[in-house]
Amino acid sequence: MVKYFANNTDIRSTWDHVVSAFWQRYPNPFSTHVLTEDVVYREVTADHRLLSRRLLMKTNRLPRWAERIFPPGMSRFVYIVEDSILDPVNRTLTTYTWNLNHTTLMSVEERCVFQDSVEQPATTQLKREAWISSSVYGFSRPIQEFGLARFKSNQVKAMKGLEYALSSLQGTCHAGDPGSIPGQCMPQLFCSASSPKYYI
Amino acid sequence: MNSVGEACTELKREYDQCFNSWFSEKFLKGDRSGDPCTETFKKYQRCVQKAIKEKDIPIDGVEFMGPIKDKPES
C-alpha cells in the first residue's frame, strides 16, 4: 500500500535563479538534519542536458513508538539519492529523490519538475509528487500516515529554505546568516528530499 | 557543507565553487565551450568514491533515475 501526494507551487523567481539555487541549497536554516552532501556523478549529454547524482546523508531519529519496534543497532543515518536532469534549452529540471537504506521501515520517493510558469512572468512552477510506503508488518498504515504528515510539513520547510536561498542569490543575504561565509552569499535550499521524516 | 568523506570536504568545496560559476555563467547561457571543472571534479571523485566504499554506502550499481521508470507521468 502506497500513499501518494502531489501538489503544485509557484515560486516567484525565474527558472534560471531557481535552478542555480538548487545546487546551492545546503546548508540552510531549515535543514540542520542534513549532515553531508556530495555530487557523485555528473555529465553533460550530447544534447546539452546536465545529468547529476547527489548523495545526501541525514540523521535518523525515530519517534519513540518506532524505536520500540526496531533493533537498537539500526543505522543512525539515512542515505538519500537525488538524481536530476536539467535541460537548459527546454527549461525543465526534473529531480528524483529516494532513500537508499531503511527502506523496509519507510520508502519515500519524490519527483519534482521545475518549469517556467505558463501564466505568470518571472515565475517558476514546481510540480511535486511523492510516494510513501512501509513494509513493516502490522505497522505500515501508521508509519505511512506519519510519513505523509511529516512529508507535508517538510514541504513548508523546503519552501522556506528555497525562499531563503533565492533571496540570498538575488543579493539580499547578510553576513552572519546561518551557513554564510563572510563576504559571500551562500544560498541553500530546494525541493526537499523528504527523507523518511520520522527522524525529525 | 561537509562531504561524506571527511578528507574530501575541501576538494568538494573547490569543485562546487568551480561548478556554480560555470553553471550560471556558461552552461545556462548556452555557452558550450567546455567544462573547466573536469580536473577538480576528478580529484574530488577519487576521494569521495573511496569514502563511499569504506562506509559501505549501497549506491554502487543503482540505476540513474531508477525507480522513476515505474511511475507514470503526472
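Keep in mind that this is a model prediction, so the values were computed, not measured.

Enquirer: Please explain helix H2 (residues 38-54) of chain B as it appears in this structure.
Expert: What sets the pattern is the α-helix's 3.6 residues per turn: residues three or four places apart point alike. If you check H2 of chain B, its first and last C-alpha atoms are 24 Å apart, about what 17 residues at 1.5 Å a residue would give, namely 24 Å. Taken as a whole, H2 of chain B has its buried residues at Thr-40, Phe-41, Tyr-44, Gln-45, Cys-47, Val-48, Ala-51 and Ile-52 of chain B. Against the buried residues of H2 of chain B lie strand S2 (34-44) and strand S3 (50-59) of chain A together with helix H1 (9-25) of chain B. Backbone geometry just downstream of H2 of chain B places Asp-56 of chain B in the positive-phi region, at approximately 55 degrees.

Enquirer: Help me understand the sheet that holds strand S4 (residues 77-87) of chain A in this model?
Expert: Adjacent strands of a sheet form backbone hydrogen bonds with each other and so pair up, either parallel or antiparallel. Residue and element names in this part refer to chain A. An order of S1-S7-S6-S5-S4-S3-S2 is seen for the seven strands of this open sheet, with the pairing classed as antiparallel. Bordering the open sheet on either side are strand S1 (2-11) and S2, each of which pairs with just one other strand. Taking each pair of neighbouring strands and ignoring which way they run, the sheet shows an average axis angle of 15 degrees. Here eight bridges tie S4 to strand S5 (residues 92-99), and the two strands are oriented antiparallel to one another. Looking at S5, one finds that Ile-85 is bridged to Thr-94.

Enquirer: Sorry if this is basic, but what is going on with the interface of chain B and chain A here?
Expert: Often, the extent of an interface is quoted as the loss of accessible area upon association of its parts. Tallying the contact residues gives 37 residues for chain B and 44 residues for chain A. Between chain B and chain A, roughly 3400 Å² of surface is buried when both sides are summed, and carbon and sulfur atoms account for 66% of that area. When the buried area of chain B at its contact with chain A is split by residue, Met-1, Phe-27 and Phe-64 of chain B rank highest and sum to 21% of it. For the pair chain B and chain A, the number of links is one salt bridge. For Lys-12 of chain B, the salt bridge is made with Glu-37 of chain A, and the minimal N-O distance between the two is 3.2 Å. At the surface where chain B touches chain A, the tally comes to twelve residue pairs in polar contact (both at pLDDT 80 or more). Contributions of two or more residues to the side of chain B that touches chain A are made by H1 and H2 of chain B. Sort the elements by how many residues they give to the side of chain B that touches chain A and H1 of chain B lands first, with eight residues.

Enquirer: Help me understand the state of the cysteines in this model?
Expert: What is meant by a disulfide is a covalent connection between two cysteines, made through their sulfur atoms. All names here are of chain B. Counting across every chain of the model gives two disulfides over all chains. There is a disulfide in this structure between Cys-8 and Cys-47, and the S-S distance comes to 2.1 Å. Negative torsions about the S-S bond denote left-handed disulfides, and the value of about -85 degrees found for Cys-8 with Cys-47 makes this one left-handed. Here Cys-47 lies in helix H2 and Cys-8 lies in the segment before H1, a separation of 39 residues in the sequence. The pair Cys-8 / Cys-47 is uniform in exposure class, with both members buried. Disulfide partner of Cys-18: Cys-37, at an S-S distance of 2.1 Å. The sign of the -95 degrees torsion about the S-S bond sets the Cys-18-Cys-37 disulfide as left-handed. Remark: Cys-37 occurs in the loop between H1 and H2 and Cys-18 occurs in helix H1; sequence separation between them is 19 residues. Sequential numbering of the bridged cysteines in chain B gives the disulfide pattern 1-4, 2-3.

Enquirer: Can you walk me through the pairing of S5 of chain A in this structure?
Expert: A regular strand carries its side chains on alternate faces of the sheet. Residue and element names in this part refer to chain A. In terms of residue burial, S5 counts as a mostly covered element, since eight of its eight residues are buried. Side chains of S5 alternate between two faces, with Thr-92, Thr-94, Tyr-96 and Trp-98 and Leu-93, Thr-95, Thr-97 and Asn-99 buried alike. In this structure, S5 lies alongside strand S6 (residues 107-116), joined through seven bridges in antiparallel fashion. Bridged to Thr-95 within S6 is Cys-112.

Enquirer: Which parts of the structure should I look at to understand the packing of H1 of chain B against H2 of chain B?
Expert: Each pair of packed helices can be summarised by the angle the axes make with each other and by the distance between the axes. Residue and element names in this part refer to chain B. Packing of H1 against H2 leaves a shortest axis separation of 9 Å and a crossing angle of 145 degrees. Classified by chirality, the crossing of H2 by H1 is left-handed. Of H2, the residues touching H1 (which contributes Leu-11, Lys-12, Glu-14, Tyr-15 and Cys-18) are Thr-40, Phe-41, Lys-43, Tyr-44 and Cys-47. When the residues that make up the contact of H1 with H2 are grouped by side-chain class, the tally is six nonpolar, one polar and three charged.

Analysis parameters
Residues numbered from 1 in each chain as written. Chains lettered and ligands numbered in written order. Predicted model: local features only at pLDDT ≥ 70, side-chain atom pairs only at ≥ 80, totals over all residues. Heavy atoms only, no water. Helix = DSSP H or I, 4+ residues; strand = E, 2+ residues; numbered from the N terminus. Expected span 1.5 Å × (residues − 1). Buried < 20%, exposed > 50% of the residue type's maximum accessible area, 1.4 Å probe, protein only. Contact = heavy atoms within 4.5 Å. Pairing = 2+ DSSP bridges. Axes fitted to C-alpha atoms, helices over the stretch in contact; angles between N-to-C directions. Buried area = accessible area lost by both parts, 1.4 Å probe. Salt bridge = Lys/Arg side-chain N within 4 Å of Asp/Glu carboxyl O. Polar contact = N/O pair within 3.5 Å; in protein donor to acceptor, adjacent residues only side chain to side chain. Disulfide = S-S within 2.5 Å. Left-handed = near helix turned anticlockwise from the far one by under 90°. Nonpolar A, V, L, I, M, F, W, Y, C, P; charged D, E, K, R; others polar.

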